[in-house]
Amino acid sequence: MIASDRTSVRSRFRYLLTLYPIPHTSYPIPHTLVAFFLVIVTFAASAQSRSLIMLKDKRGTSGTIANPSGFLSPRAVERRTKQHIQIDSSDLPVSAAYLQAIAAIPNVVILNVSKWLNQVCIRTTDAQALITIKALPFVKNTFSLAPRLPGTGQVIPFSPEPVTASIPAVNRLSATTANSLNYGNTIDQIHIHNGEYLHNQGFSGTGVHIAILDAGFFGYKTNPAFDSVRLQNRVLGEWDFVANEASVNEDNSHGMYCFSIMATNRPGAMVGSAPHAAFYLYRTEDAGSEYLVEEQNWVAAAERADSAGADMISSSLGYADFDNPVYNHTFLQRNGNTAIITIGADLAAKKGMIVMNSAGNSGAETGDAKFIACPADGDSVVAVGAVDINGRIAAFSSWGPNGAGKRKPNIVSVGQGTIIAGLDGSVSAGSGTSYANPNMAGLIACLWQAFPAFSNMQIMDAVQQSADRHASPDDRYGYGIPDFKKAFSILAAKSFKGQVTPVNCSGVISWSGTDNETMHYDLERRSGTETSFQTIASIKGKSRGFTSNNYTFTDALVSSLPAAYQYRIKQFLVDTTIIVLDTSFTVPGNCSATTGIAIAPNPFMQTINVRVQSRQSQKMSISLYSPAGQRLYYYETQTAGGLVAHTIPASGLAAGMYIITVRDNRKVLYSGKVVKGK
């Protein structure tokens, strides 16, 4: 079922109860349900035309775990390698010999195959064919999924078209020139998550591949809303798992609306949450009916997305109640481990993809009907509820938890009055968790673009940590409204690795951090006798892009007795500062015979801090020279010994190199170069 349908608020979604046997997984089959399973098969066989054939093994498969290139794309293998995911038997293709034997039986057509679950979806109205299939030695069981398709093959429109949005300018944020993208009418649904923070740094989904699983993408090939996607060839593939054909352009428009929320790039009118991502478009839902076959279609599409190398799945579908109530998923069966679609969704996440799904639109219902459906109940599935642009929960947004008591929904996004593209590309609006989900999925794609070294679960953990209710989640908002500025800072801090090591009489600070040339680090130090930190260096980021870089800084120290020092590193992101290192160590005594000198920061911007540790009474002077030898600054003092700390005001100096000299009453103690940054 389509999650934005408001004409049938109860979630008419599909589950294959706990009676369902799952090859290559750890989910047990309750023996008490076997008899019920047989009753369903016997009851439905004569009326059904689409059935599931469950296989015992994969004997004779054409693939090997040691050589996955025959069944997984390089991107799919790379995703597993990067996240330390082992290729296992669930990745291996279904035995071709088994498929040939099934296809050879008269009146049988194979519709699709699931290698993860080791099962085959067929179409036949021949009861004898099913008997013959069940007698094959490699067949575990058969299960009826749906009746024959309507004779016309036409899809019934699922819900009315959206009404053109009324968007008074006074009620909406201004799409200011401070943002790199001119969002137009979508500014509110982006800004509620600080999504523009990602876009302004160049993270708009480039290089991220998203598979959208839905009921159709009507007219997307001619809709002006998708001009840039088409011109840049960012639709990487499409398949209709309902009609078994290679086009999704002719069917229901629901998927097109969801697609537009992420992909549209029409400056001043509508810009999506991931306007530069690439997409796979898969039709798995038959909007004119509700049968278990659609769950099987979904799993087959998820497997295709995985094999092609997609990074994410965005699905605005869900299943609980069916046209034949014998298949319904009760609330207790929406437990994350029962439905075909949920098991498939969790397996997709196990393969390293981020799996996003709308929570459902049954929140205004009573009893068990108000709770989330499948696959939003999945343990590793990100269920997205709906709020308006002011952060108020939508009454229709389905409740959590799932049937096992797990927190759901995970997070929320704008799903009430969401800006979408109409059939003619005009700015329209619609409501449903269907629309909250792609808005969130697009922003998560942008975050993953920024931090590709993190796993799917690490990315989602940061998103949930950034949400406004993370400390006190509930059954409507989950962890709440994510803030991508916070999520960015969380991942930047997690990507930092650093340490301070004492080497002779120096503190050697070494670190790696994710940064670019617009960011910098301040190195700070505090001795055991000081009450505040002093900046000892300011280091500019190296990359033009946003990547991990390595740094080392040596801080010369002086101490007549063993002394404790505390070091801190601050990373300055775009209008955000985070402390990424805070550590202490002790420096041995007798580090210097006479004097220790530290000049920082270098490069400098506003001031230069000069610190001199002296053990005797002496006259001391500090001078700053231009490269040509002109003295620009002079300071003189008499010290009785101990620490002399002096700050040179330098904001008025031009960018470039300068020379600092420190003298006592007899000789030059120090002479070195410092640089004024731009």
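Up top is the structure these notes are about.
Reading the values: the criteria
Residues numbered from 1 in each chain as written. Predicted model: local features only at pLDDT ≥ 70, side-chain atom pairs only at ≥ 80, totals over all residues. Heavy atoms only, no water. Helix = DSSP H or I, 4+ residues; strand = E, 2+ residues; numbered from the N terminus. Buried < 20%, exposed > 50% of the residue type's maximum accessible area, 1.4 Å probe, protein only. Contact = heavy atoms within 4.5 Å. Areas by Shrake-Rupley, 256 points an atom, 1.4 Å probe, with all protein chains shown as cover. Polar contact = N/O pair within 3.5 Å; in protein donor to acceptor, adjacent residues only side chain to side chain. Pairing = 2+ DSSP bridges. Axes fitted to C-alpha atoms, helices over the stretch in contact; angles between N-to-C directions.

Asker: Is there a simple way to explain the overall build of the chain in this structure?
Answerer: When its secondary structure is counted, the chain shows 13 helices and 29 strands. Counting over 678 residues, the chain shows a buried share of 59%. Considering only residue pairs separated by 6 or more positions, the chain has 73% of its internal contacts joining residues 24 or more positions apart. Accessible surface, the chain: about 26,100 Å² in total, of which carbon and sulfur atoms supply 53%.

Asker: When you look at the side chain of glutamate 238 in this model, what are you seeing that I'm missing?
Answerer: Note that glutamate 238 resides in strand 6 (residues 235–240). A relative accessible area of 17% means that glutamate 238 is categorised as buried. At 2.7 Å, the side chain of glutamate 238 forms a polar contact with the side chain of tyrosine 220. Looking at glutamate 238, its side chain comes within polar contact range of the main-chain nitrogen of valine 248, at 2.9 Å. The residues touching glutamate 238, leaving out its near neighbours within four places in the chain, are Tyr220, Lys221, Ala246, Ser247, Val248, Asn249, Leu281 and Tyr282.

Asker: Explain the sheet that holds strand 20 (residues 547–556) here, please?
Answerer: One key point about sheets: their strands pair by backbone hydrogen bonds, in either a parallel or an antiparallel sense. Pairing is antiparallel in the open sheet, where 3 strands are placed in the order 16-17-20. Of all strands in the sheet, those with a lone pairing partner are strand 16 (497–503) and strand 20, marking the two edges. Across this sheet, the average inter-strand angle for adjacent strands is 15°, counted without regard to direction. Judged from the 10 bridges that link them, strand 17 (residues 506–515) and strand 20 form a sheet pairing that is antiparallel. The residue bridging aspartate 515 from the neighbouring strand is threonine 547, located in strand 20.

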